[in-house]
Amino acid sequence: MSRVFYQSPRGTKDILPSEEIYWQYFFNVAQKTLSGAGFTKIETPHFENAEIYSRGIGETTDIVQKEMFLLQPTSSDEQVTYALRPEGTAGVVRAYIQNGMNSWSQPVRLWYFGAMFRRERPQRGRYREFYQLGAEIFGDESAKSDYLVVMSAWEILRRLGLSNLIVYASSIGCPDCRPKFYAKLKKFYKEKINRLCQDCLVRLEKNPLRLLDCKNERCQEIAKEAPNILDSLCPECRIHFQNTLEYLDYFGVRYEIESRLVRGLDYYTRTVFEIATINDKGRQSALGAGGRYDGLVQLLGGPVTPAVGYSLGVERIIEVMREQKVKIPLPRGVEVTIVQLGDKAKEVSRDIHDRLVKENINVFYIPSNDGLRQQLQAAAKLDSRFALIVGQREAMKAEVILRDLSTSTQETFAIKVLVDEIKKRLK
Ligand code: AMP
């Protein structure tokens, strides 16, 4: 029989223990930062009715047109086409509406963490399954919430120990002022129509704002000359943007106004932002992005509800943490391994084991019949700080040998003082 060698699916990866410690640290820092800023955690399903994405993200976006993992209905009683979630916001909005969160005390501040799926062409830093952490605030139209989301993302990254962070911010206006800007933009681009790429010809008709962030070199040159959206904002949008920036100034957040920042998703209004790091060679890495989406709750069938949020790309952040050699606290491993020899010793060891567990000391103990050498070797392999050796003689005298495996020194202690001694040494 030929041997089969299975590989993980294209664009996915295993997170092995040496990397996983960064993930745990990331999660802990994010959780502490967000709950400290008044956010509570929500989990929504990994798949949803595909319509919430096509309506919420926008039919013309790459995510919906090319990148969704669709689950076609398989039996006649399942009429719905589901999609693996390509992002988190639409599902959270669906949950907000379905669970009547508009009747909760507003604003409602939520955060999530989980896998997202996009059928992208895999390349460095781009996966088909990747993790995002996101935060959303519903029910507050003021710039206070724009500030709070930007600041909470900034704070997570700062507390993780990342350096060279920068926020790029802009405003893309509202349904009042954006049409006027679209008119200007279309006029400008129609004059250059012969120089546009195929995709931009479609954008010109369906999603003009995205003309500004086309990756095609020639289109980028054109975009540099294009009308600036910030010149077309209505007074309300202008004040909102100013207020948001004033908060950031107050806290000394490093930001730049980037008027060509538009975001790929249709549901944004007013504030849009990205957070990036810049390395020594000037290479940028986008760590996250977000913005205000005052129209989305209504678009998905809910009551008119202003909202603002962001998502951070966890793989990218961890990559940058490793590049920047950020020091992270290691999780506590095995602290004490119990090594016992004989029946009486086993009895005493069970009692010692229970006492150590109660004191929140990490103890490794298998009541096997292995010999002394074998058990000590196992303790060394586990990187255990101490071995507690209980032989027949020690068991009779209610004593144990405490061996420090880092120094290979040992001392005998009465069992009754043992826990205190270990605690003292672990400090
Ligand atoms: P988006 O949801 O497209 O606004 O992306 C927000 C952040 O998620 C980006 O800044 C990236 O850090 C991360 N991200 C987006 N797509 C991917 C992907 N395919 N693989 C890894 N990270 C991603």
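Residues numbered from 1 in each chain as written. Predicted model: local features only at pLDDT ≥ 70, side-chain atom pairs only at ≥ 80, totals over all residues. Heavy atoms only, no water.

1. Let's talk about the packing of aromatic side chains
Selection rule: Between rings of Phe, Tyr and Trp, where Trp is taken as its six-membered ring, a pair exists when centres lie within 6.5 Å; planes separated by under 30 degrees are stacked, by over 60 edge-to-face, and by other angles tilted. Numbered from the N terminus, helices here are DSSP runs of H or I no shorter than four residues, and strands are runs of E no shorter than two. Residue exposure (1.4 Å probe, protein chains only): buried if accessible area is under 20% of the type maximum, exposed if over 50%, otherwise partly exposed. Working rule: Lys NZ or Arg CZ, within 6 Å of ring centre, within 35 degrees of ring normal, means a charge sits over the ring.
Scanning the entire structure with this criterion turns up 13 aromatic pairs. Relative to phenylalanine 113, the ring of phenylalanine 26 has its centre 6.4 Å away and its plane inclined at 40°; by these criteria the two rings are tilted. In this pair, phenylalanine 26 sits in helix H1 (residues 17-36) while phenylalanine 113 sits in strand S5 (residues 108-117), placing the two residues 87 residues apart along the sequence. Under the relative-accessibility criterion, phenylalanine 26 is labelled buried at 0%. Ring geometry for phenylalanine 27 against phenylalanine 113: centres 5.2 Å apart, planes inclined by 85°, an arrangement best described as edge-to-face. Within this pair, whereas phenylalanine 27 is found in helix H1, its partner phenylalanine 113 is found in strand S5, the two being separated by 86 residues in sequence. By relative accessible area, phenylalanine 27 is classed as partly exposed at 22%. An aromatic cluster is present here, built from Trp23, Phe26, Phe27, Trp111, Phe113 and Tyr131 joined pairwise through their rings. The ring of tryptophan 111 is capped by lysine 41, whose NZ or CZ atom sits 5.5 Å from the centre of that ring. Taking the ring centre of phenylalanine 188 as reference, the NZ or CZ of lysine 192 above it sits at 4.1 Å.

2. Description of the site of the ligand
For clarity, the threshold we go by: Residues are classed as near a molecule or strand on a simple rule: at least one heavy atom within 4 Å of it. Between N or O atoms, a polar contact is any pair within 3.5 Å; within protein, one atom must be a potential hydrogen donor and the other a potential acceptor, and residues adjacent in sequence are included only when both atoms are from side chains. Here the Shrake-Rupley method, with its probe set to 1.4 Å, supplies the accessible areas, and only the displayed protein chains count as covering residues. Here the nonpolar group is Ala, Val, Leu, Ile, Met, Phe, Trp, Tyr, Cys and Pro; Asp, Glu, Lys and Arg are the charged ones; every other residue, Gly included, is treated as polar.
Taken together, 14 residues form the shell around the ligand, and within it Arg118, Glu120, Tyr127, Gln132 and Arg263 come nearest. Between the ligand and the protein, one listed contact pairs a nitrogen atom with a side-chain N or O atom of glutamate 120 at 2.6 Å. One nitrogen or oxygen atom from the main chain of alanine 286 is found 3.1 Å from an oxygen atom belonging to the ligand. Protein contact buries 91% of the 480 Å² of open area that the ligand shows by itself. Contributions of two or more residues to the shell around the ligand are made by strand S6 (129-138), strand S10 (284-292) and strand S11 (307-313). The greatest single-element share of the shell around the ligand, amounting to three residues, is contributed by S10. Among the residues forming the shell around the ligand, the class breakdown is four nonpolar, five polar and five charged.

3. Structural notes on helix H12 (residues 343-358)
This is how the line gets drawn: Helices are assigned an expected span. That span is 1.5 Å times one less than the residue count. Contacts between residues were defined by any pair of non-hydrogen atoms, one from each residue, lying within 4.5 Å.
For H12, spanning 16 residues, the distance from its first C-alpha to its last is 23 Å, which sits close to the expected 22 Å at 1.5 Å a residue. If you follow the buried residues of H12, they end up packed against strand S12 (336-340), strand S13 (363-364), strand S14 (386-390), helix H14 (392-396), strand S15 (399-404) and helix H15 (415-426). Immediately downstream of H12, the backbone of asparagine 360 shows phi near 65°, a positive value.

4. What to know about the layout of surface pockets
For clarity, the cut-off: Buried and open spaces are told apart on a 1 Å grid over the protein atoms alone, a cavity being a set of points where a 1.4 Å probe fits but cannot get out and a pocket being an open set with protein on both sides within 12 Å along at least five of seven lines. Residues with an atom within 4 Å of a point are the lining residues. Grid points are joined across faces, edges and corners, and a volume is the space filled by probe spheres set on the points.
Its boundaries defined by the atoms lining it, the second largest pocket holds a volume of some 190 Å³. Every residue lining the second largest pocket is listed: Thr60, Asp62, Gln65, Lys66, Asp199, Val202, Arg203, Lys206, Asn207 and Arg210. Sorting the residues of the lining of the second largest pocket by element identifies helix H3 (62-67) and helix H7 (198-206) as the ones contributing at least two each. Top element by residues in the lining of the second largest pocket is H7. It accounts for four residues. Of the residues belonging to the lining of the second largest pocket, the class tally is one nonpolar, three polar and six charged.

5. Some thoughts on the sheet that holds strand S16 (residues 409-414)
How we decide: Two strands qualify as a pair provided DSSP detects at least 2 bridges between them. Helix axes use the C-alpha atoms of the stretch in contact, all axes being lines fitted to C-alpha atoms, and the angles between their N-to-C directions lie in the range 0 to 180 degrees.
Taken in spatial order, the five strands of this open sheet run S13-S12-S14-S15-S16, and their pairing is mixed. The sheet terminates laterally at S13 and S16, the two strands that pair on one side only. Relative to S16, S15 runs antiparallel, the two being bridged by six bridges. Bridge pairing links leucine 402 to glutamate 411 in S16. Those strands touched by H12 are S12, S13, S14 and S15, and its axis lies near 170° from that of S12.

6. Regarding the domain arrangement of the chain
The test is simple: Annotation comment: domain bounds sourced from an automatic or database domain assignment.
Considered domain by domain, the chain is made up of domain 1 (17-177 + 233-323) and domain 2 (336-426). The straight-line distance from the C-alpha centre of domain 1 to that of domain 2 is 50 Å.

7. Description of the side chain of serine 54
Within the element layout of this structure, serine 54 appears in helix H2 (residues 50-56). Residue contacts for serine 54: discarding those within four places in its chain leaves Glu59 and Val64.

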